[in-house]
Amino acid sequence: MSDETPIVPRLGEIGLTNFAPYLMNRIMGRYNASLREEMADLGLSTPKMRALAVLSVVEGPLIRELAIYTVVDPSTLSRSLDQLQADGLIRREVDSADSRAVRVFITDAGRSTFESLWPHMAKAQARMFRGIPEAERQAFTATLQKMLTNIRKHEI
């Protein structure tokens, strides 16, 4: 067995266009930017949109779980939830099993707001996958799911 450390290529040797984290950041930056106008028309920011998106499919997560699902810093999420609650788009309830924990639920108004944004989100996703065969898209999504499993810190 060799004690030699394998040589890792430098970023300049790989190039930005071959560095997956860079590509993922660019893609998500463009995706979010493409939705900015529609979100603003609904009074939403990216963290608010993410919260409503998650709450539209996950029933009553704890706030700490919502922070993981939304990939939003807890303090930013807290401010966003305050605003969403003030706008009547979500409600918070103390967890029945732990009075220190709070669960978050989407309201009918929140669901309606999200549903009006959803076609724009779906269109933005479709634009990203334009010209990519369904089998390739499914394989890519499966690869992303494996990558998330490799790096995640939580079971979510």
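Everything that follows concerns the structure shown earlier in this document.
Conventions adopted
Residues numbered from 1 in each chain as written. Predicted model: local features only at pLDDT ≥ 70, side-chain atom pairs only at ≥ 80, totals over all residues. Heavy atoms only, no water. Core = buried A, V, L, I, M, F, W, Y, C linked by side-chain atoms within 4.5 Å. Buried < 20%, exposed > 50% of the residue type's maximum accessible area, 1.4 Å probe, protein only. Helix = DSSP H or I, 4+ residues; strand = E, 2+ residues; numbered from the N terminus. Contact = heavy atoms within 4.5 Å. Patch = residues over 30% accessible without salt bridge, like charges linked within 9 Å, V, L, I, M, F, W, Y side chains within 5 Å. Areas by Shrake-Rupley, 256 points an atom, 1.4 Å probe, with all protein chains shown as cover. Salt bridge = Lys/Arg side-chain N within 4 Å of Asp/Glu carboxyl O. Phe/Tyr/Trp six-rings, centres within 6.5 Å; stacked < 30°, edge-to-face > 60°.

### Things to note about the nonpolar core
Reasoning step 1: With 24 residues, the main nonpolar core has Leu 52, Leu 66, Leu 81, Leu 84 and Met 121 as its most contacted residues.
Reasoning step 2: Secondary-structure elements contributing two or more residues to this core are helix 2 (20-41), helix 3 (46-55), helix 4 (63-70), helix 5 (74-86), strand 2 (102-106) and helix 6 (108-128).
Reasoning step 3: Of the residues forming this core, the biggest block, six residues, is contributed by helix 3.
Reasoning step 4: Not counting chain neighbours up to four residues away, the residues in contact with Leu 66 comprise Ala 51, Val 54, Leu 55, Pro 61, Leu 77, Leu 81 and Val 104.

### Things to note about the environment of Leu 52
Reasoning step 1: As for its placement among the helices and strands, Leu 52 is situated in helix 3.
Reasoning step 2: Exposure remark for Leu 52: the relative accessible area of 0% places this residue in the buried category.
Reasoning step 3: Not counting the four nearest positions on each side in its chain, Leu 52 is found in contact with Leu 44, Leu 84, Leu 89, Ile 90, Ile 106, Gly 110, Thr 113 and Phe 114.

### Side note on a nonpolar patch on the surface
Reasoning step 1: A grouping of Leu 11, Ile 14, Leu 16 and Phe 19 is seen on the molecular surface, where their side chains present a nonpolar patch of about 310 Å² in accessible area.
Reasoning step 2: Examined against the element boundaries, Ile 14 turns out to sit in helix 1 (residues 11-14).

### Looking at the packing of aromatic side chains
Reasoning step 1: Counted by the stated rule, this structure contains two aromatic pairs.
Reasoning step 2: When the ring of Phe 114 is compared with that of Trp 118, the centres are 6.2 Å apart and the planes differ by 35°; the resulting orientation is tilted. Of the two residues, Phe 114 and Trp 118 are both situated in helix 6; the distance of four residues between them amounts to about one turn of the helix.
Reasoning step 3: The class for Trp 118 is partly exposed, based on a relative accessible area of 40%.

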